[in-house]
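Fold and contact review
If you want the building blocks of each chain, they are given just below.
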Number of protein chains: 2
Amino acid sequence: MAAKYVYLFSEGNGTMKELLGGKGANLAEMTNLGMPVPQGFTVTTEACTRYYEDDKIIADEIIDEIYANVKKMEEITGKNFGDVNNPLLVSVRSGARASMPGMMDTVLNLGLNDEVVIGLAKLTNNERFAYDSYRRFIQMFSDVVMEVSKKNFEEIIDELKDEKGVKLDNELDADDMKELVKRFKNYFKEQKGVDFPSEPKEQLIESVKAVFRSWNNERAIIYRRMNEIPGSWGTAVNVQAMVFGNMGGTSGSGVAFTRNPATGERKLYGEYLLDAQGEDVVAGIRTPQSIEEMKETLPDAYNKFVAIANTLEKHYKDMQDMEFTIENEKLYMLQTRNGKRTAAAALKIAVDLVEEGMITEQESILKVEPKQLDALLHPQFEQKALKAAKIAGKGLAASPGAACGKVYFTAEDAVKAVNDRKEKVILVRLETSPEDIEGMHVSEGILTVRGGNTSHAAVVARGMGTCCVCGCGDIEIHDESQDKYFTLNGEKVNQGDYISLDGSAGNIYIGQLPTVAAEITGDFEKFMAWADKYKRLKIRTNADSPSDAAKAVEFGAEGIGLCRTEHMFFEADRIMPFREMIVAKTVEQRKAALDKLLPMQRSDFEGIFKAMNGFPVTIRFLDPPLHEFLPTKAEDIASLAKELDITAEELEAIVVSLHELNPMMGHRGCRLAVSYPEIAEMQTRAVIEAAISVNKNGMSVVPEIMIPLICDINELKFVKKIVVETADNIIKSAGVDLKYQVGTMIEIPRACLLADEIASEADFFSFGTNDLTQMTYGLSRDDANKILDDYFTAKIFEADPTARLDQSGVGKLVKMTVELGRKVKPGIKLGICGEHGGDPSSIGFCHNAGLDYVSCSPFRVPIARLAAAQAAISGVKAGE
Amino acid sequence: MAAKYVYLFSEGNGTMKELLGGKGANLAEMTNLGMPVPQGFTVTTEACTRYYEDDKIIADEIIDEIYANVKKMEEITGKNFGDVNNPLLVSVRSGARASMPGMMDTVLNLGLNDEVVIGLAKLTNNERFAYDSYRRFIQMFSDVVMEVSKKNFEEIIDELKDEKGVKLDNELDADDMKELVKRFKNYFKEQKGVDFPSEPKEQLIESVKAVFRSWNNERAIIYRRMNEIPGSWGTAVNVQAMVFGNMGGTSGSGVAFTRNPATGERKLYGEYLLDAQGEDVVAGIRTPQSIEEMKETLPDAYNKFVAIANTLEKHYKDMQDMEFTIENEKLYMLQTRNGKRTAAAALKIAVDLVEEGMITEQESILKVEPKQLDALLHPQFEQKALKAAKIAGKGLAASPGAACGKVYFTAEDAVKAVNDRKEKVILVRLETSPEDIEGMHVSEGILTVRGGNTSHAAVVARGMGTCCVCGCGDIEIHDESQDKYFTLNGEKVNQGDYISLDGSAGNIYIGQLPTVAAEITGDFEKFMAWADKYKRLKIRTNADSPSDAAKAVEFGAEGIGLCRTEHMFFEADRIMPFREMIVAKTVEQRKAALDKLLPMQRSDFEGIFKAMNGFPVTIRFLDPPLHEFLPTKAEDIASLAKELDITAEELEAIVVSLHELNPMMGHRGCRLAVSYPEIAEMQTRAVIEAAISVNKNGMSVVPEIMIPLICDINELKFVKKIVVETADNIIKSAGVDLKYQVGTMIEIPRACLLADEIASEADFFSFGTNDLTQMTYGLSRDDANKILDDYFTAKIFEADPTARLDQSGVGKLVKMTVELGRKVKPGIKLGICGEHGGDPSSIGFCHNAGLDYVSCSPFRVPIARLAAAQAAISGVKAGE
């Protein structure tokens, strides 16, 4: 049987998201529930992937199927494409498996042409409405389908307004709209050399193609990369009969949530605009009214909507985000989906739904996006400073948290400031649009002049966990000249000046406000306790200091998976003895320098052991190449040489001799311990003496010593011998009974290939997936930026493998290592300490690969706990 | 049953080399053949490995077994350890599985003490001989076993000679020898604080230990690394009753080969010294007589020896290298082994033995060491220049070939000159010793003042295939002061001056002589034809120019496996347009520069296709990072900027932007084609147009385009699309029917892991094992020197993985790739083009892994052909 590429809404259901996309599946589900949905059909995601396979052509069989379904729509609605007396108008919207709000293209009012518009005017008895719809259609179709920019049409409107001496669009009358249609069509012909297409079926197929194409527009690709959505999924296209919220005072459009998406409060929360289409509400061009006011203006529609909202929430067992239109008092549902929400709201809703008996604990765990927790852990402003600070202005509290940064007015400038000058940035915009997505991503906070809580800026910022204040109409932006600034209630803020935003209160401050770390209470504790109940993976942290360690324990860390000893050497009081060690000409000189470092390192370890209070601590021995500790500029070399009491020439010679062409693959890791065994000896001494010392005070630390960059069993044997001899001597002299472990980083492909051999000498393996990824790909992270940019553009890579574990390549090595290692030593402890250890999808992989723990930065620990629980409850969701 | 660690010679046989070592097995075999071998026993290689496992202790059970066998020796010989009237004296010699001449330690005359020496003097009626033997024993034992340097004893001898007013050792009489024994023992006690051990059994066990220890001395480790002998093998120890060649005019020692080891001529070839021990012949201290002269001086012994030599050659079916001693006219065989020989001799012997009906073609192929062929392929002096040149002096033609280089007098200086200043070096020594091994290895040629054709210098140089002239007694070396020089027949040659050596004629020339490439004829052709008959692997070559290609075809190459297109761009007339390409600001500018390169590259390819005359040619697209084509020094940048007509600041900025922290893993390979598709387009055009052009003239080239540095299927798809579109367009326009292939380098670990995916898009895989090794090990070859030195010292690595394919790690990836690739595409063509493609043991691996071809540099092609044939005949020998 031939594949079916088109489904009427009545043929689908809510479980068919992969095929129909989220929007299509939910429209089908609402149709099945008997709700008032303007009918139509969905062209499947498979049609989209086929379109790309066929080299961007829609196969004839699919076109035929679309036409057959148009026929069915005509039968259902009793309206006909191109029928002057009773025209069928449709919207054409994208709808992918995962929600990608605003990323792809939409065409409304499709089906209009010079004849149909006359019929529409008659039918609605509203000539202005009909021609306004027509000119909007021409504009949208030209922009989306024919790549004639919307902006040029706006200029034509502005010209006409000038001619008529009016300021606002709604001051233009029906004749003006007719004139606009004429001018638009002329402009189109000028640009494209052909007449604007008048045949509705042609308009439809071109629009479907445009939506398919928009799956691969730049902002969609960036969004997918940020949200880890595979490019292979494709988008469905929903063709739906138009209803009009802009037909006067008894019409309108709105957006509402069944619970408050910012706080989670169980109360209908939404906005609507009278005499408006849905796009107007979302775009934030006019500021809408609260949904509760609808009770007064359109009571029937309101009551019906409330009933539907309740039904939908119970049906989907989750907070719903719904779009509706009222056409002449009649309510139509245009969309429902599980609503995006802040981290705090996500937690509250997850906990409330369990307590309301609607879902189980396990189900609630799957409802919170791990990355969202980040927002809860971000700093807030210091209470004292906050009280003393003067509020410069107020907007909507669109996305919680505190942010402080330098003002920039375009996404491009913001990206530049962050990338080139490492500044912290607040992006200030009239309103945001999908083109701004990258600038929003790099910003600490977002401030807009226009738009409500469901505006683009608000929705996207909440999704990112970025602080956002919206709709502060008091701001005037002056960004037309070189000297860019904004004014707010009489104060002037220049580009590059600091401001501070409180996204939880909607307050704006001029200057920098001090912040305090986030505090964790209530729903969070309850929810995370559930997560801990179901997860199998242990969560450790990467911490190099007692304070980091303490912070991580507070966040729920169950050990340290990576303590980088070299970070300690960069501190002011240690760098000099360390440098003495590097420039030593004899083993004796080197040992003398190491003797100075020993007490410092020992006391570091004591502090960390104490902070971890009995949790396991994995200490990695010196890893980076020695040249990282020496200066390279002539003047720095000269002054350091003086301090070290050698000549500048001598020091220069040492710096030159340490230079490497590819330091990533050079003299570092265990290779340092092979060349300078006395370093490993000193570090062993510091670890073991610290452990003995804290254990005397009642603890029972079992330190784990980790040897980095192993590629051969003989390396491990060599360094382990130093460690064991040193440790056993100290333990024997001290007359205590201290246990310790010696393990390795697995970060070189060869170690994975020979993991069975290496396991015979190792108590544990810790995957260093940062380096492992670099070497498996032959791609230096330090040099990857340009390459990755080009690869994203060429659609070769979808994700940055240094951020998200490459499960097919690097993952294959990890699985091989696990298998080989366990074959030789079934009880070997396995963990991961690369940055992937804090990435939810990578954690899912680690769970499925059978690791014992993941280790990540302290702030990522709660995310990891939740991701681990999700992986345990459903291997599919996180481990996709 | 407990392991047996000691075998009497009569208990072993010639097949037991792994257990008894080569020397022990052959002593056993000769014993079984009824030949006159001084009896004794062999302590096995297993005892040696056990010694290391037991942390350098000989287990009591092994000591007991040794003592039990001493007992048996006493029974066999009728002599007893420590018996004053009839003392048993023994030699203690190392003997590994593979011959390692002079690398390990030997103790002679063991069993002597203050009482026994008196008995020996009586028994031999030669007091001087007895005490001379005793003092030699003390000296050797102290040096080898107790680490009291031989040199210090030599000083004591010099002191005594001064006191006595004599010059030569043999001017010292029996009383002097007694005095020396006294002084030696005093010196020993001073140094070690204990008396010199007098108990023969103690002497024996300490000597066995010393031989075991010497397995891991520095020169043995270097020798093993150069000859690819695993450190795990260990050495056996042979304890043999002493016979004395130094008992007067009817005694002597000698070394002989059954055929001429320099030419292969079928004629007994050897040397002997009257009244000397074997060590004296080998050390080259006195210049020995030809073996034929023995017919006159010791006719009985000579006849017996000739008969034995014939028997041994027939028995072993190979040319034998034998050591013998004559004690009072009685012949004793001390050793036989397959003799080392020059490449020319190896070929002649291999061919002759087949033609004499002694061995099969296959057996003959296994008899020639592939690496030796190198020597045959090395340049000779230009005949004309040679005739005109004045011979400055003459020595023995010890190892053939022509060499020219700067004179250095110590191994250390030679190594320095080569490593630091990249000079070509001739090492000039009085005589060489095993300590010189590294200096000999780096030298173009070796010239000695003393020693014959079997001296250390001669044997080692032949093994290395290095040109060597020996025993030029006319040379006087003056190397005591700063100004080092030698004089030869009145001429003075300073350190650093050029000389030229003809190792085939034994001639020495002052200054530089021009050389010509080696010519291949006769035995070589016959032998290589046999090799080609039995090999399965195709042998291709790495060649970037028509002349290299032609040379390789002459050497038997069956195609080009790697043509590096970037090498063409470095040429003077191409570098400027290439640089224009790099600094281009727009695609158009870049294309304009590429347009200049197109005709040049096209004509390169035409030349190569013609030179290869229908053999397949694999062309790799641009691989190195672009910064390699730009200068880095300010003045070079300034002058280049002028040529390129841009400002120095602009060019500086480009150089900075191209700088990478780890260029090996940076913007190179296919990544360049992704960023600049127009480069791949131009290169495709050059390849395809060149192929069309030569095919018009009757050839039928099927070019193979190779995309480098692939780590992901999407990269290959992207670049392949450019290639295919460009190629197909050109072919269509030309109206011809050209076939071509598109394949990839496999040089990144991830490509191996995902070889099944990648195979679906590739016509062939070529393993780039240089980069694959670097990334699999995480070890940059450019930065590996210090690391490898330390790793060799620490015995972590035995071989340099960049020189010899790491079969356990990298090899595992290769095998995985072969398996995954063939699963998806059974007919996919598989080859290797890394430098390992010319390494015999790696070729053995490639054969066993099922590759279709190996590709190596032109001069290595014959080596590869032979190695491939050996691998096919016996997977074990080369693929170990």
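Notes on the structure follow. (Residues numbered from 1 in each chain as written. Chains lettered and ligands numbered in written order. Predicted model: local features only at pLDDT ≥ 70, side-chain atom pairs only at ≥ 80, totals over all residues. Heavy atoms only, no water.)

With that settled, the discussion passes to the pairing of strand 27 (residues 704-707) of chain B. Residues and elements named next belong to chain B. Burial along strand 27 is two-sided: the residues Glu704 and Met706 and Ile705 and Ile707 are all buried. Pairing of strand 26 (residues 617-620) with strand 27 involves 3 bridges; the strand directions are parallel. Along strand 27, the bridge assignment pairs Thr618 with Glu704. As defined by bridge partners, strand 27 adjoins strand 28 (residues 741-746) across 4 bridges and the pair is classed as parallel. (Buried < 20%, exposed > 50% of the residue type's maximum accessible area, 1.4 Å probe, protein only. Helix = DSSP H or I, 4+ residues; strand = E, 2+ residues; numbered from the N terminus. Pairing = 2+ DSSP bridges.)

Right, let's get into the packing of helix 6 (residues 150-164) of chain B against helix 7 (residues 174-192) of chain B. All names here are of chain B. The interhelical angle for the contact between helix 6 and helix 7, taken along N-to-C directions, is 140 degrees, at an axis separation of 10 Å. Considering their axes alone, helix 6 and helix 7 lie oblique with respect to each other. Crossing of helix 6 over helix 7 shows right-handed handedness. The segment helix 6 lies against helix 7, with Asn152, Phe153, Ile156, Ile157, Glu159, Leu160, Glu163 and Lys164 engaging Asp176, Glu179, Leu180, Arg183, Phe184 and Tyr187. (Axes fitted to C-alpha atoms, helices over the stretch in contact; angles between N-to-C directions. Parallel < 35°, antiparallel > 145°, perpendicular 65-115°, else oblique. Left-handed = near helix turned anticlockwise from the far one by under 90°. Contact = heavy atoms within 4.5 Å.)

Another point: helix 6 (residues 150-164) of chain A. For an α-helix the count is 3.6 residues per turn, leaving residues at separations of three or four pointing the same way. Residues and elements named next belong to chain A. The terminal C-alpha atoms of helix 6 lie 21 Å apart, and with 15 residues this matches the ideal 21 Å at 1.5 Å per residue to within 8%. Of all the residues in helix 6, the buried ones are Phe153, Ile156, Ile157, Leu160 and Lys161. Buried positions in helix 6, seen along its axis, are confined to an arc of 140 degrees and lie on one side of it. Relative to its buried face, helix 6 has exposed residues pointing more than 90 degrees away, namely Lys151 and Asp162. Two residues or fewer past helix 6, Gly165 is found with a positive phi of approximately 65 degrees. (Expected span 1.5 Å × (residues − 1). Arc of directions from axis to C-beta.)

This part takes up the relation of the copies chain B and chain A. Aligned on chain A, chain B shows an RMSD of 0.1 Å; the corresponding rotation is 180 degrees and the shift along the axis is 0.0 Å. Taken together, the turn and the small shift mark the pair as related by a two-fold rotation axis. Taking the C-alpha atom as reference, chain B places B:Asn662 closest to the rotation axis, 2.2 Å from it. (Least-squares fit on C-alpha atoms with pLDDT ≥ 70 in both.)

Here the focus is the side chain of B:Asn113. Residues and elements named next belong to chain B. Structurally, Asn113 can be placed in the loop between strand 4 (106-110) and helix 4 (114-124). Residue Asn113 is classed as buried on the basis of its relative accessible area, which comes to 6%. Within the structure, Asn113 has its side chain in polar contact with the backbone oxygen of Ser198 (distance 2.9 Å). Among residues more than four places away in sequence, those in contact with Asn113 are Tyr134, Ser198 and Pro200. (Polar contact = N/O pair within 3.5 Å; in protein donor to acceptor, adjacent residues only side chain to side chain.)

All names here are of chain B. The backbone phi angle of Lys422 is positive, close to 55 degrees, even though this residue is not glycine. Inspection of the secondary structure puts Lys422 in the loop between helix 17 (411-421) and strand 15 (425-429). The phi torsion at Asn613 lies on the positive side, around 45 degrees, for a residue other than glycine. With respect to the helices and strands, Asn613 occurs in the loop between helix 24 (587-612) and strand 26. Asn613 sits in the exposed class, given a relative accessible area of 62%.

Residue and element names in this part refer to chain A. The 8 strands lie next to each other as 24-25-26-27-28-29-30-31, forming a closed barrel whose pairing is parallel. Looking at each pair of strands side by side, their axes are set apart by 25 degrees on average, direction ignored. Judged from the 3 bridges that link them, strand 25 (residues 560-564) and strand 26 (residues 617-620) form a sheet pairing that is parallel. Each residue of the ladder has a partner; that of Arg564, found in strand 26, is Arg620. In the packing of helix 36 (residues 861-873) onto the sheet, the strands contacted are strand 24 (538-542) and strand 31 (853-856), and the crossing angle to strand 24 comes to about 155 degrees.

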